[in-house]
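Listed below, chain by chain, are the residues.
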Amino acid sequence: MSDMSHDVKPVNPASVFEFTVKDRKGNDYALENLKGKVLLIVNTATACGFTPQYKELEEIYEAFREKGLEILDFPCNQFGAQAPGSAEEIHTFCTGRFGIKFPQMAKIEVNGPNAEPLYRYLTGHTKFAGFDDSELGTLLSNLLAKADPDYAKKSDIKWNFTKFLISRDGKILNRFEPTVSMDVVRAKIEAAL
């Protein structure tokens, strides 16, 4: 019987630090080891219009990791099949193209019956904040509304590069939809540190 500990949601978790996820090599990665750090948790894709955010995420990581920031990257192929390939192929692309140094986790699902328990927790404790009125934000709104007219009322992840800012004590501080300016994300991280 395989170890399914990462698939079990903690009973009444008080913080994200109660979860264990899988790293990109399939090993358990206990978030409790990050207690005392500020976390930015993001679901990513390598073939998405938001993929250039990897560069900005790495710049933020370089600027603030010594002050206690950790970024956790969860590749996800649920949105437009924009994260093809294995975890290793994704890692090779991200390190080669964007020079990322923050941890990449195993490729996961963030919505639906097979959603990573951490993501069930994150979406269960936040609401969709809406897209901005940029061209990409409008495109996403229209695309999602065609599939589900009530999409904006649901808290599930809407697209790649949704971000969650977590305090040093494991509480969710902010949810950032992918269209939120990285300058806003950076300012909120700085304030949390």
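Residues numbered from 1 in each chain as written. Predicted model: local features only at pLDDT ≥ 70, side-chain atom pairs only at ≥ 80, totals over all residues. Heavy atoms only, no water.

Visitor: What exactly am I supposed to notice about the overall build of the protein here?
Guide: Scanning the protein for helices and strands turns up five helices and six strands. Reading the protein from its N end, one meets helices and strands in the order β-β-β-α-β-α-α-α-β-β-α. Across the 193 residues in the protein, those meeting the buried criterion constitute 49%. Accessible surface, the protein: about 9300 Å² in total, of which carbon and sulfur atoms supply 51%. (Helix = DSSP H or I, 4+ residues; strand = E, 2+ residues; numbered from the N terminus. Buried < 20%, exposed > 50% of the residue type's maximum accessible area, 1.4 Å probe, protein only. Areas by Shrake-Rupley, 256 points an atom, 1.4 Å probe, with all protein chains shown as cover.)

Visitor: Sorry, what's going on with the pairing of strand 6 (residues 172–176) here?
Guide: Side chains on a regular strand alternate between the two faces of the sheet. As defined by bridge partners, strand 5 (residues 163–166) adjoins strand 6 across four bridges and the pair is classed as antiparallel. Directly across from L165, in strand 6, lies its bridge partner N174. The hairpin formed by strand 5 and strand 6 contains five residues between the paired strands, and G170 there has a positive phi angle of roughly 85°. (Pairing = 2+ DSSP bridges.)

Visitor: It is not clear to me how the sheet that holds strand 6 should be interpreted in this structure. Could you clarify?
Guide: Strand pairing in a sheet takes place through backbone hydrogen bonds and is either antiparallel or parallel in direction. The mixed open sheet is built from four strands, whose spatial order is 4-3-5-6. Only two strands of the sheet have a single neighbouring strand rather than two, namely strand 4 (69–75) and strand 6. Adjacent strand axes in the sheet meet at a mean angle of 15° when their direction is disregarded. Where strand 3 (residues 38–44) meets strand 5, four bridges bridge the pair, whose relative direction is antiparallel. Bridged to L40 within strand 5 is L165. (Axes fitted to C-alpha atoms, helices over the stretch in contact; angles between N-to-C directions.)

Visitor: What am I meant to see in the packing of aromatic side chains here?
Guide: Think of a pair of aromatic rings as described by two things: how far the centres are apart, and how the planes are tilted against each other in angle. Within the structure shown, the criterion is met by eight aromatic pairs. Note on F19 and Y121: the rings are 5.2 Å apart at their centroids and 50° apart in plane angle, and the pair reads as tilted. Of this pair, F19 sits in the segment before strand 1 (20–22) while Y121 is found in helix 3 (residues 117–124), placing the two residues 102 residues apart along the sequence. The exposure class of F19 is buried, given its relative accessible area of 3%. (Phe/Tyr/Trp six-rings, centres within 6.5 Å; stacked < 30°, edge-to-face > 60°.)

Visitor: Before we go on, may I ask you to explain the nonpolar core in this structure?
Guide: Across soluble globular proteins, nonpolar side chains show a tendency to be buried alongside one another. Residues L31, L40, I41, F74, L118, Y119 and L122 are the most contacted members of the largest nonpolar core, which totals 51 residues. Elements represented by at least two residues in this core include exactly strand 3, helix 1 (53–64), strand 4, helix 3, helix 4 (135–147), strand 5 and helix 5 (182–192). Excluding residues that lie within four positions of it along the chain, L118 makes contacts with V16, F19, V21, L31, I41 and F74. (Core = buried A, V, L, I, M, F, W, Y, C linked by side-chain atoms within 4.5 Å. Contact = heavy atoms within 4.5 Å.)

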